[in-house]
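Spelled out from the first residue to the last, the chains are:
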Amino acid sequence: MTRRAAWLALAALAVFCATPPSARAEEKPAAAAPAAPAAGRTAEQIGEDLQKAEGELREVLSDPKAFIDPAARDAIAPKVLPALKKMITLLDELAAVAPTQKENTARARLQFLSFAAVFGDDASVKSLTADAKAAGDAGVRALLSLLAAHWLRASKDEAAQDKVLDDVQKLARANPKNDEVAAMIAGLAQFGAASKATGERAENIVLNDMTGDAAKQIATQLQGKKKMRESVGKPVELAGTTTDGKPFSTKDWKGKVILVDFWATWCGPCIAELPKVKKAYIEHHAKGLEILGVSCDSDPADLKAFLDKNKDMPWPQLFDATENPKIEWHPLARQWGINGIPTMFLIDRNGVLHSVTAREDFETLIPKLLDQK
C-alpha cells in the first residue's frame, strides 16, 4: 500500500471496473449522458473543479467496502453516481483543451467510468464495453475495467467470479508481460473475492501465467501472503536489527505474548492506532505482554525524531538501515506479503502465530492469550 488514503488506493483497482447484467439484483435505467463541456475554460480552471469534485466524491464514497457490499452500494448509489458523472464530464472537458494530457485523462476517465459501472450505471458499462473493442493497450485497459467490475459486482457469487476469472486468464495468457494486467489480477485477489478459492485462483493466474517484471514483484508479495495465511497456528520467529543496530528475535521473548506492529511514522492510520497500542502495553506488560515494532519508514531520522517525542513507546523497533531506504518498507513486511499498514500479528506464549489480523481485535485477544498457559 502507498501512503495514500484507502479510497485512493482502491482507485488502482478501479482502473479495471464494469458491471455485468447477470450480477445485478435488478436492472436499473441507464443514467443520462454527461452534459456537454463548457466552452472557453482553461485546463487550470478545469483542474481546480476536478479537485473540488474529487473532494465531493470522497465525502459520499468514504468506505471502499461499499464496492463489494450490495446493500451499501445500492444505498449510496443515488449520491455517488452524480458525483462520478461530474468527474467524467470534467475529464472530457479537460481532454478537449489539453491534448498533451490525453493519455492521463483517458486513464482517469476509465477509473471513474469503472466506479460508475460498479454502482450500476448502464451507460458506463456500455461505454467500457465499446472501448474494450479498441486495438492495443487502450482496449486492454477497458477490458480490464469490465472484468474487474464483473468481479466486484459478483463479490457474493463464487460461480460468477469463476466465470470472470476464465476471461481474466485468457487475457493474461494473451498479454503475459503486461504489467497493468498483472496488477489488476493481483487487485482482484486482494479485494472482493467471493471465497478463498476465487481469491487464490486469481493469485495463481499471476504466479503461473504472467511473466513481466511487475508480475515477478507481485508474485513475491503473493507468496508472502500465502506464507501469512499458512503460518497461523504454527510456531513463528520474526528477527531483524533494532534501531540501535542490535540483532533481535521474537524467540528472545519465550513465554511472552507478543504484539507485532508493522507501522510507519508517515502512516496516518498507524499513528491513530498508537494510543490503543500504548494503553495495551501499560495494562498488560507486567502480565507478560511484549510489543515489537517493525518500522516501514525509509528515513531513520524521521523514525528517531518520532520515538524521541514518544517516550511511552519503550518497545524495540526493527529497522533495516540498508534495505528500508531502498524499498521504503521493512524487508519483513515484504517477506510476509504486507502491503497495507498498520498490520498487527499476535504470537502466543508458546511462540505460535495466533493472528495476522490482530489490528481488528488485539485489545480483546491479548487478555485471553495472557490467561493461557
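Preceding block: the structure.
Residues numbered from 1 in each chain as written. Predicted model: local features only at pLDDT ≥ 70, side-chain atom pairs only at ≥ 80, totals over all residues. Heavy atoms only, no water.

Engineer: Report on the overall build of the chain, specifying residues and quantitative values.
Structural biologist: Secondary structure summary: the chain contains 15 helices and seven strands in total. In the chain, which comprises 373 residues, the proportion classed as buried is 48%. Taking contacts inside the chain between residues at least 6 apart in sequence as the whole, the part at least 24 apart equals 72%. Looking at the chain as shown, the accessible area adds up to about 17900 Å², and 53% of this sits on carbon and sulfur atoms. (Helix = DSSP H or I, 4+ residues; strand = E, 2+ residues; numbered from the N terminus. Buried < 20%, exposed > 50% of the residue type's maximum accessible area, 1.4 Å probe, protein only. Contact = heavy atoms within 4.5 Å. Areas by Shrake-Rupley, 256 points an atom, 1.4 Å probe, with all protein chains shown as cover.)

Engineer: A description of the sheet that holds strand β7 (residues 353-355) should follow, citing residues and the corresponding values.
Structural biologist: Strand order in the open sheet made by the five strands is β5-β4-β3-β6-β7, with mixed pairing throughout. Bordering the open sheet on either side are β5 (317-318) and β7, each of which pairs with just one other strand. Where helix α15 (residues 362-371) meets the sheet, it contacts β3 (257-263), β4 (289-295), β6 (343-347) and β7, and its direction lies at approximately 15° from that of β6. (Pairing = 2+ DSSP bridges. Axes fitted to C-alpha atoms, helices over the stretch in contact; angles between N-to-C directions.)

Engineer: Which residues make up the side chain of Gln169, and what values do they have?
Structural biologist: One can find Gln169 in helix α7 (residues 158-174). Excluding residues within four positions of it along the chain, Gln169 makes contact with Arg201, Ile205 and Asp209.

Engineer: Kindly report on the packing of aromatic side chains, identifying the contributing residues and their values.
Structural biologist: Inspection of every chain in the model, using the stated rule, returns nine aromatic pairs. Ring geometry for Phe112 versus Phe115: centroids 5.8 Å apart, planes at 50°, classification tilted. Of the two residues, Phe112 and Phe115 both sit in helix α4 (residues 102-118), three residues apart, roughly one turn of that helix. The exposure classification of Phe112 matches that of Phe115, with both residues buried. Ring centres of Tyr281 and Trp315 lie 5.2 Å apart, and the angle between their planes is 55°; this geometry places the pair in the tilted category. Note that Tyr281 is positioned in helix α11 (residues 268-284) and Trp315 in the loop between α12 (300-309) and β5, a separation of 34 residues in sequence. Through pairs of rings, three or more aromatic residues link up here, namely Phe67, Phe112, Phe115 and Phe119. Seen from the ring of Trp336, Lys227 lies directly overhead, with NZ or CZ sitting 4.5 Å from the centre. (Phe/Tyr/Trp six-rings, centres within 6.5 Å; stacked < 30°, edge-to-face > 60°. Lys NZ or Arg CZ within 6 Å of the ring centre and 35° of its normal.)

Engineer: How would you explain α11 if you had to name every residue and give the values?
Structural biologist: Three or four residues apart is the spacing at which side chains of an α-helix point the same way, because the helix has 3.6 residues per turn. Between the first and last C-alpha of α11 there are 25 Å, a value that for 17 residues agrees with the 24 Å anticipated at 1.5 Å per step. Along α11, the sharpest change in direction is near 35° and occurs at Leu274; proline Pro275 comes one to four residues later. Looking at α11, one finds that the buried residues are Cys270, Glu273, Leu274, Val277, Lys278, Ala280, Tyr281 and His284. Buried residues along α11 sit against β3, β4, α12, β6 and α15. (Expected span 1.5 Å × (residues − 1). Bend = angle between axes of the 7 residues up to and from the residue.)

Engineer: Before we move on, could you go through the pairing of β6 and cite the residues and values that matter?
Structural biologist: A large share of β6 lies buried, amounting to five of its five residues. Burial along β6 is two-sided: the face carrying Thr343, Phe345 and Ile347 and the face carrying Met344 and Leu346 are both buried. In the sheet, β3 pairs with β6 via five bridges, with the strands oriented antiparallel. Bridging across to β6, Asp261 finds its partner in Met344.

Engineer: Just give me the short version of the packing of α4 against helix α6 (residues 136-153), but keep the residues and values in it.
Structural biologist: Contact geometry of α4 with α6 gives a least axis separation of 9 Å together with a crossing angle of 25°. Judged by the angle between their axes, α4 and α6 are roughly parallel. Helix-helix and strand crossings are classified by hand; for α4 and α6 the assignment is right-handed. When α4 is examined against α6, the residues Glu103, Arg107, Leu110, Ser114, Ala117 and Val118 are found in contact with a partner set consisting of Arg141, Ala142, Ser145, Ala149, Leu152 and Arg153. Classifying every residue of the contact of α4 with α6 gives six nonpolar, two polar and four charged. (Parallel < 35°, antiparallel > 145°, perpendicular 65-115°, else oblique. Left-handed = near helix turned anticlockwise from the far one by under 90°. Nonpolar A, V, L, I, M, F, W, Y, C, P; charged D, E, K, R; others polar.)

Engineer: So what's going on with the state of the cysteines? Which residues, and what values?
Structural biologist: Per the stated rule, a full pass over the model turns up one disulfide. For Cys267, the disulfide goes to Cys270, at an S-S distance of 2.4 Å. Judged by the sign of its S-S torsion, about 80°, the bond between Cys267 and Cys270 is right-handed. There is no split in this pair, since Cys267 and Cys270 are both buried. Between Cys296, a free cysteine, and Cys270, which holds the nearest cysteine sulfur, the sulfur-to-sulfur gap is 7.8 Å. (Disulfide = S-S within 2.5 Å.)

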